[in-house]
Amino acid sequence: MEIIIVDNSDQVSTTAADVIAAHAELGHTLGLATGSTPEGTYRELIHRYRHGDLSFNRCTAFLLDEYVGLPKDHEQTYYCTIRRQLTSHIDIADERVHSPDGTAAHPGEAAEEYERLIARSGGIDVQILGIGTDGHIGFNEPTSSLASRTRIKTLHPDTVRDNARFFEGDESRVPHQVITQGIGTILDSRHLVMIATGESKAHAVRAMVEGPVSAMCPASALQLHQHVTVILDRAAVAELSNVDYYTYAFSHKPQWQGF
Ligand code: PGA
């Protein structure tokens, strides 16, 4: 796990955009996440595209998760959110932006089909991830199997509360079930890019980076992956014990190694 610590959330966004851009230039398959944290990264990628510095025209994208039961055109579906935040502003073909079908009559089957679709497309080259205050990745809440595949999950009440801000603060409007890539699915991506900002994530970041690998902190499963880039701002590292070492290791990294 490579830990990159930068001063603020803007630098988290530009650093994450550097990583994603390098993959996009190779026409790679991108794993996209919704939530507040990646928004700055997406804005930066759009900026680079508009300035002619970057193209996504050979890329395919897969979303991590989707609410069950919201109409597809509801503005809070992740289908709509990712188009609003990123993909409608860049040159990726819309039909190559995939997400689980939260409107399916049989969501469990839709989840299995999504898993097959990822496999058929050759897998995900780079997956961008945020972390929940409870350590979740995708919508894999604490105690999710570390080997889990794409499936239905019921959201933890804390996550419902966290996400109520997207539903005018009304928890009763937040769907309680989702289809999410499993932790095992996420670990199959060839490169994982985790971004976290702000004090509210400091506790979860500590559990992910320095805690034991445990289903109680789904993000700790990243310790089992061979290529993880974690990009954090100062506030998010407040509870880490080995900040000096991470800073030293990154500043002494050979240039040729890249991200
Ligand atoms: P956030 O969500 O980026 O909105 O904080 C992260 C997550 O829940 O995965």
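Residue positions are counted from 1 within each chain, in the order its sequence is given. Local features in this predicted model are restricted to residues of pLDDT 70 or higher, and side-chain atom pairs are both shown and tallied only at a pLDDT of 80 or more, whereas totals for entire chains, interfaces and linings draw on every residue. To obtain the side-chain values, all non-hydrogen atoms of the structure were used and water was disregarded.

J.: Honestly, the overall build of the protein chain in this entry has me stumped. Any pointers?
T.: Here a helix means four or more residues in a row that DSSP labels H or I, a strand means two or more in a row labelled E, and each is numbered from the N terminus. Within the protein chain, the regular secondary structure consists of eight helices and 10 strands. A compact globule built from 259 residues would reach a C-alpha radius of gyration of about 18 Å, and the protein chain, at 17 Å, matches this within 12%. Principal axes of the C-alpha set define a box for the protein chain whose edges measure 55 × 40 × 35 Å. Throughout, a residue-residue contact means that at least one pair of heavy atoms, one from each residue, lies within 4.5 Å. Within the protein chain, contacts between residues at least 6 apart in sequence are counted, and of these 78% link residues at least 24 apart. Surface accessibility follows the Shrake-Rupley procedure with a 1.4 Å probe radius. Residue values consider only the protein chains on display as shielding. About 11500 Å² of surface is accessible on the protein chain, with carbon and sulfur atoms providing 49% of the total. Put simply, the protein chain has 21 plus and 34 minus side-chain charges, and the middle of one group is 3 Å from the middle of the other. Only C-alpha atoms enter the radius of gyration, while the globule expectation follows 2.2 Å times N to the 0.38, with N the number of residues. The charge count includes Lys and Arg as positive and Asp and Glu as negative, but it does not include His or the ends of the chains. Here the site of a charge means NZ on Lys, CZ on Arg, CG on Asp, or CD on Glu.

J.: Can you walk me through the environment of His176 in this structure?
T.: Positionally, His176 belongs in the loop between helix H5 (157-163) and strand E8 (177-180). For the pair His176 and Asp91, spaced 85 residues apart in sequence, the C-alpha to C-alpha distance is 33 Å. Aside from chain neighbours lying at most four places away, what touches His176 is Lys153, Thr154, Leu155, Val160 and Glu171.

J.: In this structure, what is going on with the sheet that holds strand E5 (residues 97-98)? I would like to understand it.
T.: To summarise the sheet geometry, strands pair through backbone hydrogen bonds and adopt either a parallel or an antiparallel arrangement. In short, DSSP must find at least two bridges between two strands for them to pair. As summarised here, the arrangement of the seven strands in space is E1-E10-E9-E6-E2-E3-E5, forming an open sheet in which the pairing is parallel. Edge strands, defined here as strands with exactly one partner in the open sheet, are strand E1 (2-6) and E5. Geometry is summarised by axes, namely lines fitted to C-alpha atoms with helices restricted to the contacting stretch, and by angles between N-to-C directions that run from 0 to 180 degrees. This element, helix H3 (residues 78-85), spans strand E2 (29-32), strand E3 (60-63) and E5 of the sheet and lies at about 135 degrees to E3. Taken strand by strand, helix H4 (residues 107-120) contacts E3 and E5, and its axis lies near 150 degrees from that of E3.

J.: What am I meant to see in the nonpolar core here?
T.: Taken as a class, soluble globular proteins show a tendency for nonpolar side chains to be buried jointly. Within the largest apolar cluster, 72 residues are counted, with the highest numbers of intra-cluster contacts made by Leu45, Phe56, Tyr67, Met194, Met208 and Leu232. If near-sequence neighbours (up to four positions away) are discounted, Leu232 is found in contact with Ile3, Ile4, Ile5, Val6, Val12, Ala196, Val205, Val237 and Leu240. Side-chain atoms within 4.5 Å are what join buried Ala, Val, Leu, Ile, Met, Phe, Trp, Tyr and Cys residues into a set we call a nonpolar core. To sort residues, take the accessible area from a 1.4 Å probe on protein chains only and compare it with the maximum for the residue type: under 20% means buried, over 50% means exposed, and anything in between is partly exposed. In terms of nonpolar packing, the next biggest core, distinct from the first, is built from five residues, Val68, Ala104, Ala110 and Ala111 among them.

J.: Mind showing me how you'd approach the sheet that holds strand E4 (residues 65-67) here?
T.: If you trace the three strands from one edge of the open sheet to the other, you get E4-E8-E7, paired in antiparallel fashion. The sheet terminates laterally at E4 and strand E7 (151-154), the two strands that pair on one side only. When the angles between neighbouring strand axes are averaged without regard to direction, this sheet yields 30 degrees. Judged from the three bridges that link them, E4 and E8 form a sheet pairing that is antiparallel. Bridge assignment links Asp65 to a residue of E8, and that residue is Thr180.

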